[in-house]
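Here's the letter readout for the chains.
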Amino acid sequence: MPADFDPAACPDLPTPLGCACSRRRFGGLLMGGALAPAAAWAQREGVNVGETSGFTKLISAEQIESEGAEQYAKMMSQARQQRALAPANHPQLIRLREIAKRIIPLAGDWNPRAKQWRWEVNLLGSPQLNAFCMPGGKIAFYYGILEKLKLDDDEVAMIMGHEVAHALREHARERVGKSMATNGVIELGSALLGLGNLGRFAAGVGGQLLSMTFSRQDESEADLVGMELAARAGYKPSAGVTLWQKMGQAAKGAPPQWLSTHPAGPTRIRDIEANLPKVAGLYERADKPAQRFEVAPPLKSSAEG
Ligand SMILES: [Zn+2]
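How each quantity is defined
Residues numbered from 1 in each chain as written. Predicted model: local features only at pLDDT ≥ 70, side-chain atom pairs only at ≥ 80, totals over all residues. Helix = DSSP H or I, 4+ residues; strand = E, 2+ residues; numbered from the N terminus. Buried ≥ 20, exposed ≤ 12 C-beta atoms within 10 Å, placed from the backbone. Contact = placed C-beta atoms within 7 Å. Pairing = 2+ DSSP bridges. Axes fitted to C-alpha atoms, helices over the stretch in contact; angles between N-to-C directions. Core = buried A, V, L, I, M, F, W, Y, C linked by C-beta atoms within 7 Å. Expected span 1.5 Å × (residues − 1). pLDDT = per-residue confidence, 0-100. Parallel < 35°, antiparallel > 145°, perpendicular 65-115°, else oblique. Left-handed = near helix turned anticlockwise from the far one by under 90°.

Student: An account of the overall build of the protein is requested, with residue identities and associated values reported.
Tutor: Along its length, the protein carries twelve helices and three strands. When burial is assessed residue by residue, the protein has 45% of its 305 residues classed as buried. Excluding contacts between residues fewer than 6 apart, the proportion of contacts in the protein whose partners are at least 24 apart in sequence is 81%.

Student: I'd like a description of the sheet that holds strand β2 (residues 131-134), backed by residues and values.
Tutor: Across the sheet, which stays open at both edges, the three strands sit in the order β1-β3-β2 with mixed pairing between neighbours. Two strands in the sheet have a free side with no partner beyond their single neighbour: β1 (120-124) and β2. Strand-to-strand twist in this sheet, taken as the mean axis angle between neighbours without regard to direction, amounts to 15°. Sheet analysis places β1 next to strand β3 (residues 138-142), joined by five bridges and oriented parallel. Note that in β3 the partner of L124 across the bridge is Y142. With respect to the sheet, helix α3 (residues 91-103) is in contact with β1 and β3, its orientation differing from that of β1 by roughly 150°. The sheet strands contacting helix α5 (residues 153-168) are β2 and β3, and the helix crosses β2 at an angle near 30°.

Student: How would you summarise the nonpolar core if you had to cite specific residues and measurements?
Tutor: Counting 62 residues, the largest nonpolar core has I103, A157, M160, V164 and A230 as its most contacted members. With nine residues, α5 is the single largest residue contributor to this core. Discounting residues that sit within four places of it in the chain, M160 has contacts with I99, A100, I103 and I139.

Student: Tell me about the pairing of β3, and name the residues and values.
Tutor: Counting buried residues along β3, five of its five residues qualify, which places the element largely inside the surrounding structure. Side chains K138, A140 and Y142 of β3 all project onto a buried face; the interleaved residues I139 and F141 project onto the opposite face, where all are buried too. Two elements, β2 and β3, share four bridges in a ladder whose sense is antiparallel. Its bridge partner being in β3, M134 is matched across the sheet by K138. Where β2 folds back on β3, the antiparallel hairpin that results is connected by three residues, among which G136 adopts a positive phi of roughly 95°.

Student: Give me the lowdown on the environment of P7, citing residues and values where you can.
Tutor: With respect to the secondary-structure elements, P7 resides in the segment before α1 (38-43). Other than its neighbours up to four places away in sequence, P7 contacts G125, Y143 and L299.

Student: Could you give an account of α5, with specific residues and numbers?
Tutor: Here α5 contains 16 residues, and its C-alpha end-to-end distance of 22 Å stays within 8% of the 22 Å for a straight helix at 1.5 Å per residue. Taken across its 16 residues, α5 has 16 buried, putting it largely inside the fold. Looking one or two residues past α5, E170 carries a phi angle of roughly 55°, positive in sign.

Student: Outline unusual backbone geometry, supporting the account with residue identities and numerical values.
Tutor: With phi around 60°, R83 is a residue other than glycine that occupies positive phi space. Note that R83 resides in the loop between α2 (61-81) and α3. Backbone geometry at K150 places phi at a positive 45°, although glycine is not the residue there. By the element assignment, K150 lies in the loop between α4 (143-148) and α5.

Student: A description of the confidence of the model for the protein should follow, citing residues and the corresponding values.
Tutor: Summarising the model, the protein shows a mean pLDDT of 80, and 73% of its residues fall at 70 or more. Confidence scores differ between elements of the protein, with helix α7 (residues 195-203) showing the lowest mean pLDDT of 45 and α3 the highest of 98. This model gives residues 17-36 a pLDDT under 50, and the stretch forms 47 contacts once residues within four places in sequence are excluded. Contacts from residues 186-203, a stretch scored under 50 in pLDDT, to residues over four places away or in other chains number nine contacts.

Student: Go over the packing of α5 against helix α10 (residues 239-250) with me, naming the residues and quoting the values.
Tutor: Where α5 contacts α10, the axes come no closer than 9 Å and their chain directions differ by 85°. Here α5 lies roughly perpendicular to α10, going by the angle between them. Contacts between α5 and α10 involve D154, E155, M158 and I159 from the former and A239, G240, T242 and L243 from the latter.

Student: Got a sec to walk through the packing of α3 against α5? Specific residues and values, please.
Tutor: A pair of packed helices is captured by two measures, namely the crossing angle of their axes and the spacing between those axes. One way to put it is that α3 packs onto α5 with a least axis distance of 10 Å and a crossing angle of 60°. For the element pair α3 / α5, the angle class is oblique. Where α3 crosses over α5, the two elements pack in a sense that is right-handed. Contacts between α3 and α5 pair L96, I99, A100 and I103 from the former with D153, V156, A157, M160, G161 and V164 from the latter.

So this is what it looks like as structure tokens:
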């Protein structure tokens, strides 16, 4: 274990973009997502989640991605100062980056912009059960989720796929768009809406990314798209079931942040199970990873040392 990294350094590391189930529902309130022609979805193999929400169009992808990059850079530099940023030779970071290497090339099929994203994968020294992918492909795992759930590679791939799917499906952009809509920004009409107004609104986006929650529908979408990404990358889709069973077990104690916002209920597991046949063929035919990695070793009982 490298001396400059403590996997439990930051018990209270902030959580950007904790992807969460929001109790507020906006479905159909202003504009629904334009659904792709059913024929287009019928012809492709894999899960069917429709087009992204029309709300994404209210703020540019560039804006959201650059906010994501800025927040991520800030957070990683804070983590480094606190010895909570794993160095490149940390075995669990090597593992995360190898898994990401298999998933990232598939991202462009879901979002063409992802081909130009400057992807990053980091491991944070925190006992929290958490992981995220910020807009623009900025991924981080907290040591606690690897260690406490004793995740195998298939399960890590499933979480990574889920988080990457939030970014690819632009759920953050959608949430910001909805927030603009509900704040009456678009009611002013685009003619009245000077760039100055948009600029001022957009200035608050960074703060929103830090406390963002996603709708139940976005969560379900992320589960399914993430499962397909992982299956195409050669990871066993049924790991989605064992992963959420482990989550459910872990949630029985004091619910950690990620778990409290990702209810591991039977509905979620049933949805995943129902979609397994849609990705089974993709997994069968996928190149499987040549190397399997060790499960993350447990944290010492005292995090002080
Ligand atoms: Zn999520």
